[in-house]
Amino acid sequence: MPRIAAGKVSLKQIAQAAGVSTMTVSFALRNSSQVSPATRQRIARLARKLGYRPDPEIARFMSYLRRDRSKGVFRGTIGFLNFLNNPDGFHGGGFYSRVLAGVRARAEEMGFALEEVWAGNPAISARRLKTILQARGIDSIIVPPLPRDAVNLELDCSEFYGVTIAFTLESPRLSRVSHDHFEGIRLAMREVRKLGYQRPGFVSTAQSNARVRQHWSGGFLGSCQLLPKGDQVPAFIDDELDSRAFTAWLHRYRPDVVLSPHVETYGLLLHRGMRVPEDTGFVLLDWSSGDPSWAGIDQHVSHLGHTAVDVLVAQRNRNEAGAPSHARTILIEGSWRTGETVRPSA
C-alpha cells in the first residue's frame, strides 16, 4: 500500500492506494450501486484506515446537487419492515398508514424505491429475513412502530443502514425519529390553562404510556407540579380504560378537561353522562387519529416518515452501516389544534 503523508487524505490518494479510479472511490464512499458491494466495503475500510474524513462543506454542497437532480434517478431500495401480525397492517388508515405514506413520499422524492417487507410473518426467521433483504437489493431499512414496547430484534443490521420510528425498538440500537410526547402533553397543558381549565387529567392505558417510555405521564406530572396543590389531578393509567376504576377516578377527582392519546376516551366520557365540552373538555394527544373537529396535538406523523428517510440518506452519504456507536434520537415537536371538544377562547 502506498504510504500516505500526514495531513488531509484525498479521494485521489485513496484511489491510488486501492488501485482504482477516483470516480470509483467517489461512488463507493457514497454507497452507489454502480460499485459492487465487495468493492464498496474494501474502499470504505481502506478510507478509514488512511484516516479519510469528508469535507463537510463539500459534502453539503454535493448533497444539495444530488437532491436537486434526484427526480427520476434511481438511488437504491429502502426496506420498510412491517413487524405487525397483519401484512396489510400499514394500509388500514390511522397512525400506521400515515407513517408509511410519509416514508414513501420522501423516499420517492429522494430517488429511492420503497419495498414493504412483512417481517412479522412467523415463518420468517431473523436469518431468513436478512437473506430476503439482501436478495432484493435492500441495503437500507426502516423499522416503524412495533406492536409491543421494548422489543429486541435478532436481526443482524451490521450490513444495513437503519433507522427506527418511535420508541418501541429496544435493540439493535438504531438511531430513531419520534414525536416529542413529553413536550406534546406539556403544550396541551399550557393551552388548556389558557382556556381557563383548572383541573386537567391524563388518561392512558399502561401499554400506550410504556410505548412512549412514560414521556406522556412524565410531561403531565411535571406540568401538574406548576399547579396549585388543590388542582393537581393524579393521572389515570391502567390496563383497561372502560372500568369501574375509571368511573371512580372521574367522580373522585372531577377533572374539568381530560387529555388522552385514545379516541375511545371521548366515548367513555359520554357514556358516563359527561357532556363535552360543557361538563368536561377533551384533548386528543394524537389529533390526526380522531375527528378533525376535536382539539388535540398534531404529531405531524407524515413528517416522522420524511425525517426517517433523511436520516437514512445521511447515513448512506457517510457510509455508516450497522448500529451506530452513539445512536441519535430526533424528536419532532407537535402543534396545538383547537376544536369543538374544548371551550372557545375568550
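Scroll up a little and you will see the structure.
Residues numbered from 1 in each chain as written. Predicted model: local features only at pLDDT ≥ 70, side-chain atom pairs only at ≥ 80, totals over all residues. Heavy atoms only, no water.

A.B. asks: Help me understand the overall build of the protein, please; the structure alone is not making it clear to me.
C.D. replies: Scanning the protein for helices and strands turns up twelve helices and 14 strands. C-alpha atoms of the protein, sized along the principal axes, occupy 80 × 45 × 35 Å. Taking the contacts inside the protein whose residues are at least 6 apart along the sequence as the reference set, 67% of them involve residues at least 24 apart. Here the protein displays about 17,200 Å² of accessible surface, and carbon together with sulfur accounts for 51% of that area. If the 44 positive side-chain charges of the protein are averaged to one point and the 33 negative ones to another, these points end up 10 Å apart. (Helix = DSSP H or I, 4+ residues; strand = E, 2+ residues; numbered from the N terminus. Contact = heavy atoms within 4.5 Å. Areas by Shrake-Rupley, 256 points an atom, 1.4 Å probe, with all protein chains shown as cover. Lys, Arg positive; Asp, Glu negative; His and termini not counted. Charge placed at Lys NZ, Arg CZ, Asp CG, Glu CD.)

A.B. asks: Help me understand the packing of aromatic side chains in this model?
C.D. replies: Each pair of aromatic rings is reported with the distance of its centres and the angle of its planes. For the structure shown, the criterion picks out ten aromatic pairs. An angle of 70° between the planes, with centres 6.1 Å apart, marks the rings of Phe95 and Tyr96 as edge-to-face. For Tyr96, a relative accessible area of 21% puts it in the partly exposed group. By way of ring pairs, the aromatic residues Phe80, Phe90, Phe95 and Tyr96 are connected into one cluster. One cation-aromatic arrangement involves Arg337 over Trp287; the distance from NZ or CZ to the ring centre is 5.4 Å. Stacked on the ring of Tyr197, the Lys or Arg Arg343 has its end atom at 3.9 Å from the ring centre. (Phe/Tyr/Trp six-rings, centres within 6.5 Å; stacked < 30°, edge-to-face > 60°. Buried < 20%, exposed > 50% of the residue type's maximum accessible area, 1.4 Å probe, protein only. Lys NZ or Arg CZ within 6 Å of the ring centre and 35° of its normal.)

A.B. asks: In this structure, what is going on with the environment of Phe95? I would like to understand it.
C.D. replies: Checked against the element boundaries, Phe95 lands in helix H5 (residues 94–109). For Phe95, a relative accessible area of 23% gives the class partly exposed. Apart from residues lying up to four places away in sequence, Phe95 is in contact with Pro145, Asp286, Gln299, Val301 and Leu304.

That's the geometry; what it means functionally is another story.
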